[in-house]
Amino acid sequence: MMTRGRPLSRFLFARLPFARFLLGKAARIAAILFALVLLTFLMVKMIPGDAASRIAGPDADAAYLSQLRSELGLDQPFAVQLWNYVAGVARGDFGVSLATRQPVIELIRDRLPYTAALAGLALAFVVVVGFSFGLAVAIATRDDRLPWLDHGFTIVTGTLGAIPELLAGIFLGYVFAVSLGWLPISGAAGPGSVILPALAIGLRPALNLARVVRVEARRTLRADFIRTARSKRLPAWRIYLRHLAPNVVTAALTIAGLVFPFLIGGAVIVENIFAWPGLGTAIVRAVVTADYPVVQAIVVLLGLLVLVTNMIVDVLLAIADPRSTVRT
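Presented here is an overview of the structure given in this document. Quick caveat, the model's predicted, so the values are computed rather than measured.

Regarding helix H7 (residues 165–179)
Phase 1 of the analysis: With 15 residues, H7 ought to run about 21 Å at 1.5 Å a step, and its terminal C-alpha atoms sit 20 Å apart, in line with that.
Phase 2 of the analysis: At Gly-173, H7 shows its strongest bend, of approximately 30 degrees.
Phase 3 of the analysis: All buried positions along H7 are accounted for by Glu-165, Ala-168, Gly-169, Leu-172, Gly-173 and Ala-177.
Phase 4 of the analysis: Close packing links the buried residues of H7 with helix H8 (195–221) and helix H10 (236–273).
Phase 5 of the analysis: Of the residues one or two after H7, Gly-181 is the one with positive phi, at around 65 degrees.

Let's talk about the pattern of salt bridges
Phase 1 of the analysis: Under the criterion given, the structure shown has five salt bridges.
Phase 2 of the analysis: With its nearest N and O atoms 2.4 Å apart, the salt bridge here joins Arg-214 to Asp-150. With Arg-214 in helix H8 and Asp-150 in helix H6 (residues 147–160), the pair connects residues that are 64 residues apart, well separated along the chain. The same class applies to Arg-214 and to Asp-150, which are both buried.
Phase 3 of the analysis: The structure contains a network of salt bridges with shared partners spanning Asp-150, Arg-214 and Arg-218.

A closer look at the nonpolar core
Phase 1 of the analysis: If you look at the biggest cluster of nonpolar residues, it comprises 56 residues, and the most contacted ones within it are Leu-135, Leu-244 and Ile-298.
Phase 2 of the analysis: The residues contacting Ile-298, other than those within four sequence positions of it, are Ile-108, Leu-279, Ala-282 and Ile-283.

With respect to unusual backbone geometry
Phase 1 of the analysis: For Leu-146, which is not glycine, the phi dihedral falls at a positive 45 degrees.
Phase 2 of the analysis: In this structure, Ala-275 takes a positive phi of about 50 degrees despite not being glycine.
Phase 3 of the analysis: Here Ala-275 is to be found in the loop between H10 and helix H11 (279–288).

Topic: the environment of Leu-98
Phase 1 of the analysis: Its place among the elements puts Leu-98 in the loop between helix H4 (78–91) and helix H5 (104–140).
Phase 2 of the analysis: C-alpha separation for the pair Leu-98 and Tyr-292, spaced 194 residues apart in sequence, amounts to 7.5 Å.

Focus on a nonpolar patch on the surface
Phase 1 of the analysis: Together, Phe-18, Leu-304, Val-308, Ile-312, Leu-316 and Ile-319 make up an exposed nonpolar region whose accessible area comes to about 490 Å².
Phase 2 of the analysis: Considering every element that reaches the nonpolar patch, the biggest residue donor is helix H12 (residues 292–320), with five residues.

Digging into the packing of aromatic side chains
Phase 1 of the analysis: Considering all chains together, one arrives at four aromatic pairs under this definition.
Phase 2 of the analysis: When the ring of Phe-176 is compared with that of Trp-182, the centres are 6.0 Å apart and the planes differ by 45 degrees; the resulting orientation is tilted.
Phase 3 of the analysis: Note on Phe-176: relative accessible area 25%, which makes it partly exposed.
Phase 4 of the analysis: Since its relative accessible area comes to 62%, Trp-182 is described here as exposed.

A word on the packing of H5 against H10
How two helices sit against one another is set out by the angle between their axes and by the gap between those axes.
Phase 1 of the analysis: Between H5 and H10, whose axes approach to 8 Å, the crossing angle comes to 140 degrees. In terms of axis orientation, H5 runs oblique to H10. The interaxial crossing formed by H5 with H10 has right-handed handedness.
Phase 2 of the analysis: Looking at the contact of H5 with H10 residue by residue, the classes come out as 21 nonpolar, one polar and one charged.

So, the side chain of Thr-220
Phase 1 of the analysis: Position of Thr-220 among the secondary structure elements: in helix H8.
Phase 2 of the analysis: Here Thr-220 falls in the buried class, since its relative accessible area comes to 3%.
Phase 3 of the analysis: When neighbours within four sequence positions are excluded, Thr-220 is seen to be in contact with Phe-225, Ile-226, Leu-244, Asn-247 and Val-248.

Points about H5
Phase 1 of the analysis: Taking 1.5 Å of rise per residue, 37 residues should cover 54 Å, and H5 covers 52 Å from first to last C-alpha, within 8% of that figure.
Phase 2 of the analysis: Residue Arg-111 marks the point of greatest curvature in H5, where the axis turns by about 40 degrees; the proline Pro-113 follows within four residues.

What counts as what
The residue numbers shown here count from 1 along each chain, following its written sequence. Reporting in this predicted model follows two pLDDT cut-offs: at least 70 for local features of residues, and 80 or more for side-chain atom pairs to be given and counted; totals over whole chains, interfaces and linings ignore these cut-offs and use all residues. With hydrogens and water excluded, all non-hydrogen atoms of the structure serve as input to the side-chain values. Each helix is a run of H or I in the DSSP string that is no shorter than four residues. Each strand is a run of E no shorter than two, and both are numbered from the N terminus. To estimate how far a helix should reach, multiply one less than its number of residues by 1.5 Å. Note on bend: the value at a residue is the angle between axes fitted to the seven residues ending there and to the seven starting there. We call a residue buried when its accessible area falls under 20% of the maximum for its residue type, exposed when it is over 50%, and partly exposed in between, using a 1.4 Å probe and counting protein chains only. In this analysis, two residues are considered to be in contact whenever any of their non-hydrogen atoms come within 4.5 Å of each other. The term salt bridge refers to a side-chain nitrogen of Lys or Arg lying within 4 Å of a carboxyl oxygen of Asp or Glu. The set of buried Ala, Val, Leu, Ile, Met, Phe, Trp, Tyr and Cys residues whose side-chain atoms join them within 4.5 Å is what this entry labels a nonpolar core. Excluding any residue in a salt bridge, patches collect residues exceeding 30% relative accessible area, merging like charges within 9 Å and nonpolar Val, Leu, Ile, Met, Phe, Trp and Tyr side chains within 5 Å. With residues, only the protein chains shown are counted as cover, and all accessible areas are computed by Shrake-Rupley using a 1.4 Å probe. We call Phe, Tyr and Trp rings a pair once their centres come within 6.5 Å, taking the six-membered ring for Trp, and we label the pair stacked below 30 degrees between planes, edge-to-face above 60, and tilted otherwise. For helices, the axis comes from a line fit to the C-alpha atoms of the stretch in contact; other axes are also lines fit to C-alpha atoms, and the angle between any two N-to-C directions lies between 0 and 180 degrees. For classification purposes, angles smaller than 35 degrees are called roughly parallel, those larger than 145 roughly antiparallel, those between 65 and 115 roughly perpendicular, and all remaining angles oblique. When the near helix sits turned anticlockwise from the far one by under a right angle, the crossing is termed left-handed; a clockwise turn instead gives a right-handed crossing. In this classification, Asp, Glu, Lys and Arg are treated as charged, Ala, Val, Leu, Ile, Met, Phe, Trp, Tyr, Cys and Pro as nonpolar, and every other residue, Gly included, as polar.

In structure tokens form, the structure reads like this:
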């Protein structure tokens, strides 16, 4: 059997490193996710008291507590409780909220789109703005040109890139919502409501990415193949788009994959500043009210979201640089 003129064995062998790479990544995700599920189960077990006591309240009699523990399965052996929890998570069943008695999966379903939209927009802002800004400054300051721009870029990105999401959210809200009135200050009243939270989350990683991209781009601009392209009198736009940008995008994708967990962590803080109805506000409320099934579900879900996003970035890196499938 032939495949485009090549033997099937050669066709499969050529794709074996990438298939092995994907299987390895999938196995790592499964192992980390299982560990995360186990940790969320043990986290609740180490807290004094149990769910039945929190539901019934301090004045409940012993008979009612015993009945409630039986309904929740808390009277079963530890191993059985662990198995039931893992099996429930595998089915997407995290039980019911201790505060509202609402199925946790319904709460997740209602709030996940808001967090996904916020994190997605913030990630797009980080990649587009960070990559473009860093690349533009590297091109403008090539061969030690415009030293004032180079120093200004370093000062601005170093200063603003150190501002935490909490302060960035407060500052952006005061300027663009309270003072100028351009954007909503809280809630999810319309498409414009997501802009300020996304900027607050993405500002610091975008500036840090710009610094990395500038360093990588300046190093690439000194490479021999760039000098060769210039010696051929190629147009500047062609050198930058076809020779410079593809060699910098690998570093940009790597950094984007690394900052995504920080975007998720920042979303928990920023959602509460802007009253954004996502998982961040839900998990803070659940922690305050000791609603542990909701905390468990959100932690597992956010962990899965980070793992899947990192795998997507790794796959994109493998496509851009097939040698990474061999090194990984």
